[in-house]
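# Observations on chain architecture
Here are the chains, one letter per residue:
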Amino acid sequence: MTTQKRPIYLDCHATTPVDPQVMAAMLPFFTEQFGNPASSAHAYGWEAEAAVQRSREILAAGINATPEEIVFTSGATEANNLAIKGVAEAYFSRGRHIVTVQTEHSAVLDPCRYLETLGFEVTYLPVQPDGLIDLAELERSLRADTVLVSVMAANNEIGVLQPLAEIGRRCRDRGILFHTDAAQAIGKIELDVQTQGIDLMSVTAHKVYGPKGIGALYVRRRHPRVNLAPQLHGGGHERGRRSGTLYTPQIVGFGEALHLAWTNQEGEQSRLKELRDRLWQSLQTLPGVELNGHATQRLTNNLNVSIAEVDGQALLLALRTVVALSSGSACSSASTAPSHVLKALGREDDLAYASLRFGLGRFTTAAEMDQVAHHCRATILALRQSGRPVTTVH
Ligand SMILES: *Cc1c(COP(=O)(O)O)cnc(C)c1O
């Protein structure tokens, strides 16, 4: 590990390193400025509260919300759980139907499945072959007893961007709440809770060069005011919506990470797009390499490809000393099932297994991209030539 050169990191949809500037901003809050933001009787509490408030304001301003609408959580998983279960519980006398999408993250799908066991009804919308939902199909799924629509902003496997404003408008017209999981989107694409009609939004720090273990849920307070049943009861922090002592250093890091990402969002996105397109152009020249997800409606740092006539497992094994990336089935690498996202696009099992997810990031260089492209091409050709059977072992 120490003497060997580490592989090139292209797994930025899984997590990103903490930016050194973020780290520097956090450090004083572990030691000198260690106060509890809820301690209103002395200076230790005040300075911690001021730091928390600064992050709250940065996040709120960046998504066109107000600071009171931000609830800090331990990450996007908790934010999704709070949004979905919190709304379901608060509105259950009005309706028990929820609409979501088959390609959502498990942190959305699993709370929905859990609610089904309690008697809620959930519609899991399919996606088109490009990964986008069909808005007409969404409209048809909406019922008088639908209380919540949850559609992610950017997909964590294929990077596809769903049409938030169009979804928001359709929900608003019918008085249905709209939640979006924006864990992959924040700091990368424009998010505006007003123009996009978003009522609840989950975000997390560790996908934008902030620390792990901190995220937030935006909860609309006006037009309409969203009611939320808290899922963690205790000291009544975050206006009673999420109890637990605020994690000041992580919150400070989150604010700093967002500030950094938003300061140079446009320049960084075009840099990443150029690098990503270069990789795709190189891989595309091989026969049997197909793009997963919409060609342009996607995150600029994402490339997801399926590769015909190679064994998926063998391909990952052959690549991993040079490049750190995930197979299509990403988040739950422990599971050997083919990716539910690629299956929803209509990919056959073999192609779904033999897929690679490239996630570029702030520290990815052009030289690294060229090296990865070269190594991937050579590996694919070598595996095809070796004539390994295409059956998948797992
Ligand atoms: C990473 C991710 C999550 C989980 O976020 P955590 O902060 O790790 O809990 C949820 N949804 C999406 C789309 C993600 O990419």
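Residues numbered from 1 in each chain as written. Predicted model: local features only at pLDDT ≥ 70, side-chain atom pairs only at ≥ 80, totals over all residues. Heavy atoms only, no water.

Within the protein, the regular secondary structure consists of 12 helices and 13 strands. Reported as C-alpha extents along the three principal axes, the dimensions of the protein are approximately 70 × 55 × 35 Å. Taken across its 394 residues, the protein has 56% of its residues classed as buried. Considering only residue pairs separated by 6 or more positions, the protein has 74% of its internal contacts joining residues 24 or more positions apart. (Helix = DSSP H or I, 4+ residues; strand = E, 2+ residues; numbered from the N terminus. Buried < 20%, exposed > 50% of the residue type's maximum accessible area, 1.4 Å probe, protein only. Contact = heavy atoms within 4.5 Å.)

So, about the pattern of salt bridges. Going through the model one piece at a time under the given rule, you end up with 18 salt bridges. Note that E238 is salt-bridged to R56, the shortest N-O span being 2.8 Å. One end of the pair, E238, is in the loop between β8 (215-219) and α7 (248-263); the other, R56, is in helix α2 (residues 43-62), with 182 residues separating them in the sequence. Residues E238 and R56 agree in their burial class; the two are buried. (Salt bridge = Lys/Arg side-chain N within 4 Å of Asp/Glu carboxyl O.)

Here the domain parsing of the protein yields domain 1 (8-16 + 266-386) and domain 2 (20-263). For domain 1 versus domain 2, the distance between C-alpha centres works out to 28 Å. The interface of domain 1 with domain 2 comprises 29 residues on the first partner and 31 residues on the second. When the area that domain 1 buries against domain 2 is broken down by residue, the three leading residues are T16, L299 and R362, summing to 26%. Connecting domain 1 to domain 2 are 15 residue pairs in polar contact (both at pLDDT 80 or more). Put simply, the parts of the chain that give the side of domain 1 that touches domain 2 at least two residues each are β10 (302-307) and α10 (340-344). When residues in the side of domain 1 that touches domain 2 are grouped by element, the largest group, 4 residues, is from α10. (Domains from an automatic or database assignment. Buried area = accessible area lost by both parts, 1.4 Å probe. Polar contact = N/O pair within 3.5 Å; in protein donor to acceptor, adjacent residues only side chain to side chain.)

So, about a nonpolar patch on the surface. Taken together, the side chains of V18, M23, L27, F30 and Y247 define a hydrophobic patch exposed on the protein surface, amounting to about 460 Å² of accessible area. Among the structural elements, L27 can be located in the loop between α1 (20-26) and α2. (Patch = residues over 30% accessible without salt bridge, like charges linked within 9 Å, V, L, I, M, F, W, Y side chains within 5 Å. Areas by Shrake-Rupley, 256 points an atom, 1.4 Å probe, with all protein chains shown as cover.)

Attention now goes to the pairing of strand β7 (residues 200-204). Counting buried residues in β7 gives 5 out of 5 residues, a clear majority hidden from the surface. Of the two faces of β7, both are covered, the one formed by L200, S202 and T204 as well as the one formed by M201 and V203. Of the pairings in the sheet, the one linking strand β6 (residues 177-181) to β7 comprises 3 bridges and is parallel in character. Within β7, the position partnered with T180 by the bridge is M201. (Pairing = 2+ DSSP bridges.)

In this structure, R347 sits in the loop between α10 and α11 (349-353). R347 gets classed as buried once you look at its relative accessible area, which sits at 16%. Here R347 is in contact with E290, L291, N292, S306, L342 and A352, once residues within four sequence places are set aside.

Looking now at the sheet that holds strand β4 (residues 121-125). Strand order in this open sheet of 7 strands is β2-β8-β7-β6-β5-β3-β4, and the pairing throughout is mixed. A strand with exactly one partner marks an edge of an open sheet, and here the two such strands are β2 (70-73) and β4. Direction aside, the axes of adjacent strands within the sheet are offset by 20° on average. As paired strands, strand β3 (residues 97-101) and β4 are joined by 5 bridges and run parallel to one another. The residue bridging T100 from the neighbouring strand is Y124, located in β4. (Axes fitted to C-alpha atoms, helices over the stretch in contact; angles between N-to-C directions.)

Here 4 strands make up an open sheet; going across it, the order is β9-β10-β13-β12 and the pairing antiparallel. Of all strands in the sheet, those bounded by a partner on one side alone are β9 (289-291) and β12 (326-327). The pairing of β12 with strand β13 (residues 355-359) spans 2 bridges and is antiparallel. Among the inter-strand pairings, S327 is bridged to a residue of β13, identified as L356.

It is worth spelling out the nonpolar core at this point. Inside soluble globular proteins, nonpolar side chains tend to come together where they are buried. Within the largest apolar cluster, 52 residues are counted, with the highest numbers of intra-cluster contacts made by I63 and V149. Of all the elements, α2 adds the most residues to this core, at 4 residues. Domain assignment of the residues forming this core places at least three in each of domain 1 (8-16 + 266-386) and domain 2 (20-263). Of all hydrophobic cores here, the second largest spans 29 residues; its members include L275, L303, V305 and L315. (Core = buried A, V, L, I, M, F, W, Y, C linked by side-chain atoms within 4.5 Å.)

Another point: the state of the cysteines. Counting across every chain of the model gives 0 disulfides. The thiol of C171 is unpaired, and the distance to the nearest cysteine sulfur, on C112, comes to 14 Å. There is no disulfide at C376, and the cysteine sulfur nearest it, in C12, is 15 Å away. Take C376: its relative accessible area is 1%, and that puts it in the buried class. (Disulfide = S-S within 2.5 Å.)

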